[in-house]
Amino acid sequence: MCDWEGIAVEELAKRFPEDYLSWAQFRGGELKYGAEPKQNVGRRGVEALNDWASKAGSDTDLYVFSHGSWIAQTVQTVLGLGAIHPDFADVVSMGNAHWVRFVAADMPDGTLRWR
């Protein structure tokens, strides 16, 4: 669990000015407080989507609600973008409650590819 969890951003800026600035500039200031690396977030997100999709079945629309950083990292990872950029530069405007629609395509090797 991240030590910053539940603390208002104004309070973080006051109590941890350098680390807060590093976080705000996407340089990882939150990592020393137990935050999960962005690559791990994306990997976990894809695993969850694949699990949920397999349980839901092809005749079901699956809705997932989450925070913006989880959405952005999962989208980057599920689409196979090679580099996970800490500033979310590849996936712009993915704030909290942003929506994305994925369609699963069955591949000849039995895996799913999302589009």
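These figures come from a predicted structure and were not determined experimentally.

The rules behind the values
- Residues numbered from 1 in each chain as written.
- Predicted model: local features only at pLDDT ≥ 70, side-chain atom pairs only at ≥ 80, totals over all residues.
- Heavy atoms only, no water.
- Helix = DSSP H or I, 4+ residues; strand = E, 2+ residues; numbered from the N terminus.
- Buried < 20%, exposed > 50% of the residue type's maximum accessible area, 1.4 Å probe, protein only.
- Contact = heavy atoms within 4.5 Å.
- Salt bridge = Lys/Arg side-chain N within 4 Å of Asp/Glu carboxyl O.

**Student:** I would appreciate a short explanation of the overall build of the chain in the present structure.
**Tutor:** Helix and strand content of the chain: four helices and two strands. When the elements of the chain are put in sequence order from the N terminus, they spell out α-α-α-α-β-β. Counting over 115 residues, the chain shows a buried share of 26%. Long-range contacts, defined here as pairs at least 24 residues apart, represent 45% of the contacts in the chain between residues at least 6 apart.

**Student:** Help me out: how do you make sense of the pattern of salt bridges in this one?
**Tutor:** Oppositely charged side chains may form a pair once their charged atoms are brought near each other. Within this structure, the stated rule accounts for five salt bridges. Arg15 is paired through a salt bridge with Glu11; the nearest N and O atoms lie 3.9 Å apart. Taken together, the positions of Arg15 and Glu11, both in helix α1 (residues 9-15) and four residues apart, correspond to about one turn of that helix. The class of Glu11 is partly exposed, set by a relative accessible area of 30%. Close ionic contact of Asp51 with Lys55 constitutes a salt bridge, the shortest N to O distance being 3.1 Å. Of this pair, Asp51 and Lys55 both sit in helix α3 (residues 38-56), four residues apart, roughly one helical turn. We classify Asp51 as partly exposed; its relative accessible area is 31%. Exposure remark for Lys55: the relative accessible area of 64% places this residue in the exposed category.

Limitation: the analysis is restricted to geometry and does not speak to function.
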